[in-house]
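Structural overview
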Amino acid sequence: MADTELIRNIARILDEAKTSNAAQHRKIKELKLLRSKAPSIPQFSAAFTKTLLPLFHIQRRSASTERVVRFVSSFATARDSDSAAISDELLENFLKFLLIGAAAANKTARSRACQFISEIILNLPDDSEVSNEVWDEVIDSMKLRVVDKVPLIRTFAVRALSRFINDAENSDILDLLLEVLPPEQNSEVRKTIILSLPPLNATSQVIIDCTMDVNESVRKVAYFVIANKFPLQSLSIKLRTLILQRGLADRSPAVSKECLKLMIDQWLAKCCNGDPIELLKYLDVETYESVGESVMEALLKAGLVKLHEGESLQKYVLSAHDRTEGEPENCTPSIKLIEPEVALYWRTVCKHLQMEAQAKGSDAAAAKGVEAAVYAADASDSNDLLDRILPATVSDYIDLVKAHINAGPNYHFAARQLLLLGEMLDFSDATIRKVASSFVQDLLCRPIEHEVDDEGNKIIIGDGINLGGDRDWADAVARLARKVHAATGEFEVILLGVVEELAQPCRERTADFLQWMHSLAVTGLLLENAKSFYSVQGRAIEPVELLQSLLLPAAKHVHLDVQRIAVRCLGLFGLLENKPSEELVKQLRLSFVKGPPPIRVVACKALIDLGMWHGPQEVDRAMGLNLSSLLREDKLHFSPVNFLDNAEDFNVELLDLLYSGLETNNCSNSLENSDSESVQAALGEGFAKILLLSDKYPRIPSSFFPLLLAKLISLYFSNETKDLQRLKQCLSVFFEHYASLSANHKKYLSKAFIPAMRLMWPGINGNAGGSSVVVSNMRKRAVQASKFMLQMMQAPLYGKETTKEEENDNGGSPENLDRTPQLSVECGEEGLAIRIATEVLSFQAKKTPAEKSYVSALCRILVSLNFRLSEQEAIKLLKRLLNCLSESVLAEKDLTKELKQMSEHLKGLDRHPDQDLSEDEVKFIFGRLDLEPNLDLNVPAAVPQTPVPHSTRPTRSRRRERHEDVSSDEENSPTSAQSLARTNPASVGPRSQRASKTAALTKITTARKPARIDEDDEEEDSESDVTSDDSDQLSE
């Protein structure tokens, strides 16, 4: 009786506590008083837990329920000095009760128990005394719940373990959380784990990796944890730049705002005292220039860059007696050298002021009245501030840049930043322009920097291609030269004059390889920035003379670095020509075929560019042979070329030559390239561009694209290219967007499906096999490729290719399959299904083991395709093809079952099952798909049942009755008589008998146990195609 009264009082207090948080403190005192009046702590604990039992059956999370949980947890962790032992005993008993609930089979009970445990652990005072055995049981229980199948339970378990994650004796908790974080699917659990991780070297990289999480809230939490747990100095330069690079460029405004808050409130304000230059010093802007630019753009946009009076570049132009001690002796005495971070800071500030002035000026021109005056005043203020920052005169600017150039490689970055400031200066005055022009010529004529090793060999500093050994430096010089010589044709005149001067020793054959490379670097700069071929004609040196006396001889130079830069210049020269010259194309083809890997990479890039710019026909005509006349729209294969055969005739079409470069036997030494770029990677990138922009190149035959696409797919999944990371990365981005960009791309992909499978499947088309393990891996990769192509085919088109149409049908009706009604049969999944069915039927009845596995893999893709009601002709043709197809896979019962279900599905989609296709309609569909199958499609519309010949063996009465039932069913079928009439009894063998028995038993099972079929389907769907395919291989 006393227990009942105690339970009633506890329940009353809980009911009053759930209404509001304000009364909980008072209710805890009432509950403590009730506990003190109880006969014993075990009796109170039993009544207390019994009162809470209904809470473990409530599934919905409501505000009142959460208040009760917090109230109970606060009471369980409340500890008074007067009753400490009683509180600890009650807490221990309550934890034991919760451990039972945490191991319950019911997910609601487990969830509530884990919620109580997490709240108790997080609110537990440090002076609480609970036996070690109980805590060990709690920790072990929560470790098990971390991998629970319910996400909410995993979240509570992680929260509970976060209290012990820093204990040395529980180091396995941290290892467990780091292990479960990457595969975790629920975003809330990932967020809880990230918030629980301590700031350690082992966790920093894991948390930073979460800044690339697919979920926006997880990325935001990652930046929050970095801001609050990792000081700027504790992170490496690489991690700092990685955090800012990802965060400032994040697609989510909330995430980028969180990253900006991290950079401003934590790093800039607390670690750098609000100084942007100090923050740039932590980022190594010489290595991570783009990150430094992003940081400065964000700070300037936020208005956090404050320019104080007297701060400008003019203070670095000093008098002679102001020269600081310790600076290089060769620097100009009146110049104070600038640090890299300062140079980047002023360059971005000046760029921001210039863009702001231009924007305000445009607004002023578009506005009227007072508004226009305000905008004009703002633009004038920005221009005035820019003038105060830049050097006072152009001469001071030139002296400043020269001082940094002469100071050596340590100031190379600062010199380039100062060069970029030249675009903001005014060179309209003739005298100023003359001084600047002389400076530009000095930059162009500056020798290539090099070092001499111990053996006296000269080693180039830089990439050996661009002026100054750096593409960014060459671009800065070109932009300054273009600004100084802004008149039409003046830029080309100046650069051709420099080229003529530098090429004189080369034409006289007295130059060393450094002089060759210097003249070719300036030539490349000219060819890159020249607007047209006409702009370089009639100048100091004619284009033909430049080609014959400099570029072609350099391509045959004994030094490989000279060859490489010369081949690059040949490609640029060919892009400027109206039609590519014969000598140029021949040299590029020769370099591509016979050159070492670095030369071949540059040559194949040049040939691809020429083919995309002029068209492959023009490039072939330049050879003097009319090879392009052989290009046909129905080109079905490429002419193989063996680069290793010296007797091989390489006068083949450009596309055949480049395609042959993808073969591994022609790229055996591709990985020797020190630039980590192979010939296959360069060709794959070039061909991906051609395929991606195929609509813009009508002169390239459309039949070329499916063949090339099949080759790229086989390369992407090939084991021989697994180390070509650049190729893999390029193709992964390409395949992600290719099929969704255009309906034509889906048509090419549909055509490429069968060629790609034939290229990859061992034992088909003469493909080499090997051991059983090798064959199994090759088949797995081919199956993976087939699924990949299926996903590409089923990917929706991007917005510009799709049309919004009203859907008047119900959500679950078959009409919902018409997701892309604008696609024709060639571009849709119906066309792919016809291609696959035709390919399967092309094999003979007696197949090799390789052909059996190949046909099985194709059929598994076939049953995964979707069909649209609008394509009635294709559906009727597929029904007829399936009738013939079912005989090819009779040995695989599960696949036969799926094909039968597909046939029934097609029957349901056929709006006019009584109408059949004529021979002309069938030929028309095959013609649209470019198929010429030699098939006999004169079969009935339904899947025929193979007749069973009469057996001479006596049978039991039960078996005879079952046979009579099946026969009666077949007599009622309108197609059974036709099937019997068309079957030759003499041709029916034992395999046909087994097939007919299997079909009859399947029919009986289908009629009597439809629910069983659904279960089987679910089991089959859960199986992996690769696993089932492997089982087929083992059986073979």
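A quick note: this is a predicted structure, and the numbers were derived from the prediction, not measured.

This part covers the overall build of the chain. A tally of helices and strands in the chain yields 45 helices and 2 strands. Within the chain, the fraction of its 1036 residues that count as buried is 49%. The long-range fraction of contacts in the chain, counting pairs at least 24 apart against all pairs at least 6 apart in sequence, stands at 72%. Only carbon and sulfur atoms are counted for the fraction: they give 50% of the accessible area of the chain, which is about 51,400 Å².

Our next topic: the pattern of salt bridges. All told, the structure shown has 36 salt bridges when counted by the stated rule. Across the pair Asp916 and Arg880 runs a salt bridge whose closest N-O atoms are separated by 3.8 Å. Here Asp916, found in the loop between helix H39 (893–909) and helix H40 (919–928), pairs with Arg880, found in helix H38 (residues 872–885); they are 36 residues apart in sequence, far enough to count as distant. Through salt bridges that share partners, Arg12, Glu16, Lys27 and Glu30 make up one connected network.

Time to look at the environment of Arg416. Topologically, Arg416 is positioned in helix H20 (residues 412–420). Beyond its immediate stretch of four places on either side in the chain, Arg416 contacts Glu289, Asp470, Asp472, Trp473 and Ala476.

What characterises a pair of aromatic rings is the spacing of the ring centres plus the angle enclosed by the ring planes. Going through the model one piece at a time under the given rule, you end up with 23 aromatic pairs. On the numbers, 5.1 Å between centres and 75° between planes, the contact of Tyr345 with Trp346 is edge-to-face. Residue Tyr345 shares its accessibility class with Trp346, and that shared class is buried. In this structure an aromatic cluster arises from ring pairing among Phe44, Phe48, Phe56, Phe75, Phe94, Phe97 and Phe116. When the ring centre of Phe491 is taken as origin, the NZ or CZ atom of Arg482, which lies over that ring, is 4.0 Å away.

Across the chain, pLDDT averages 82, with 82% of residues at or above 70. Segment residues 668–675 is flagged for pLDDT under 50; beyond a separation of four residues in sequence, or across chains, it makes 10 contacts in the model. pLDDT under 50 marks residues 801–821. Its contacts with residues more than four places away, or in other chains, come to 26 contacts.

To continue, consider the packing of helix H34 (residues 743–760) against helix H36 (residues 829–841). Interhelical geometry of H34 versus H36 gives an angle of 35° and a closest axis separation of 8 Å. The two elements H34 and H36 meet at a crossing, and its hand is right-handed. Contact residues: Ser750, Lys751, Phe753, Ile754 and Arg758 in H34; Gly831, Leu832, Arg835, Ile836 and Glu839 in H36. Its residues assigned to classes, the contact of H34 with H36 comprises 4 nonpolar, 2 polar and 4 charged.

The next thing to look at is the packing of helix H13 (residues 237–248) against helix H14 (residues 253–271). How two helices pack is summed up by the angle between their axes together with the distance between the axes. The geometry of H13 relative to H14 is characterised by a closest axis approach of 7 Å and an angle of 140° between their N-to-C directions. Between H13 and H14, the interaxial angle falls into the category oblique. In this structure, H13 uses Arg240, Ile243, Leu244, Gly247 and Leu248 to contact H14, whose residues at the interface are Ser256, Cys259, Leu260, Leu262, Met263 and Trp267. Partitioning the contact of H13 with H14 into residue classes produces 8 nonpolar, 2 polar and 1 charged.

The next point concerns the environment of Leu239. Within the secondary structure, Leu239 is located in helix H13. Distance from Leu239 to Ile208, taken between C-alpha atoms, is 7.8 Å for residues 31 residues apart in sequence. Residues within four places of Leu239 in sequence aside, it is in contact with Ser204, Gln205 and Ile208.

This part is about H14. Counted at 1.5 Å a residue, the expected span for H14 with its 19 residues is 27 Å, and the 25 Å between its end C-alpha atoms agrees. Those residues of H14 that sit buried are Val255, Ser256, Glu258, Cys259, Leu262, Met263, Ile264, Gln266, Trp267 and Leu268. In the stretch just after H14, Asn273 is the one whose phi turns positive, near 55°.

Here the focus is unusual backbone geometry. Backbone geometry at Asn273 places phi at a positive 55°, although glycine is not the residue there. Within the fold, Asn273 resides in the loop between H14 and helix H15 (276–281). On the basis of relative accessible area, Asn273 is assigned to the exposed category, the value being 72%. At Asp284, a residue that is not glycine, the phi angle is positive and equals roughly 50°. Checked against the element boundaries, Asp284 lands in the loop between H15 and helix H16 (289–301).

Under the 1.5 Å per step criterion, the end-to-end length of helix H22 (residues 471–484) is 20 Å for 14 residues, consistent within 8% with the ideal 20 Å. Listed as buried for H22 are Trp473, Ala474, Ala476, Val477, Ala478, Leu480, Ala481 and Val484. In this structure, the buried side of H22 is in contact with helix H19 (394–406), H20, helix H21 (430–445), helix H23 (490–507) and helix H24 (513–529). Sitting at the head of H22, Asp470 places a side-chain oxygen 3.2 Å from the backbone nitrogen of Asp472.

Relative to the helices and strands, Thr896 resides in helix H39. With 10 residues separating them in the primary sequence, Thr896 and Ser886 have C-alpha atoms 6.5 Å apart.

So, how was this worked out
Residues numbered from 1 in each chain as written. Predicted model: local features only at pLDDT ≥ 70, side-chain atom pairs only at ≥ 80, totals over all residues. Heavy atoms only, no water. Helix = DSSP H or I, 4+ residues; strand = E, 2+ residues; numbered from the N terminus. Buried < 20%, exposed > 50% of the residue type's maximum accessible area, 1.4 Å probe, protein only. Contact = heavy atoms within 4.5 Å. Areas by Shrake-Rupley, 256 points an atom, 1.4 Å probe, with all protein chains shown as cover. Salt bridge = Lys/Arg side-chain N within 4 Å of Asp/Glu carboxyl O. Phe/Tyr/Trp six-rings, centres within 6.5 Å; stacked < 30°, edge-to-face > 60°. Lys NZ or Arg CZ within 6 Å of the ring centre and 35° of its normal. pLDDT = per-residue confidence, 0-100. Axes fitted to C-alpha atoms, helices over the stretch in contact; angles between N-to-C directions. Left-handed = near helix turned anticlockwise from the far one by under 90°. Nonpolar A, V, L, I, M, F, W, Y, C, P; charged D, E, K, R; others polar. Parallel < 35°, antiparallel > 145°, perpendicular 65-115°, else oblique. Expected span 1.5 Å × (residues − 1). Polar contact = N/O pair within 3.5 Å; in protein donor to acceptor, adjacent residues only side chain to side chain.

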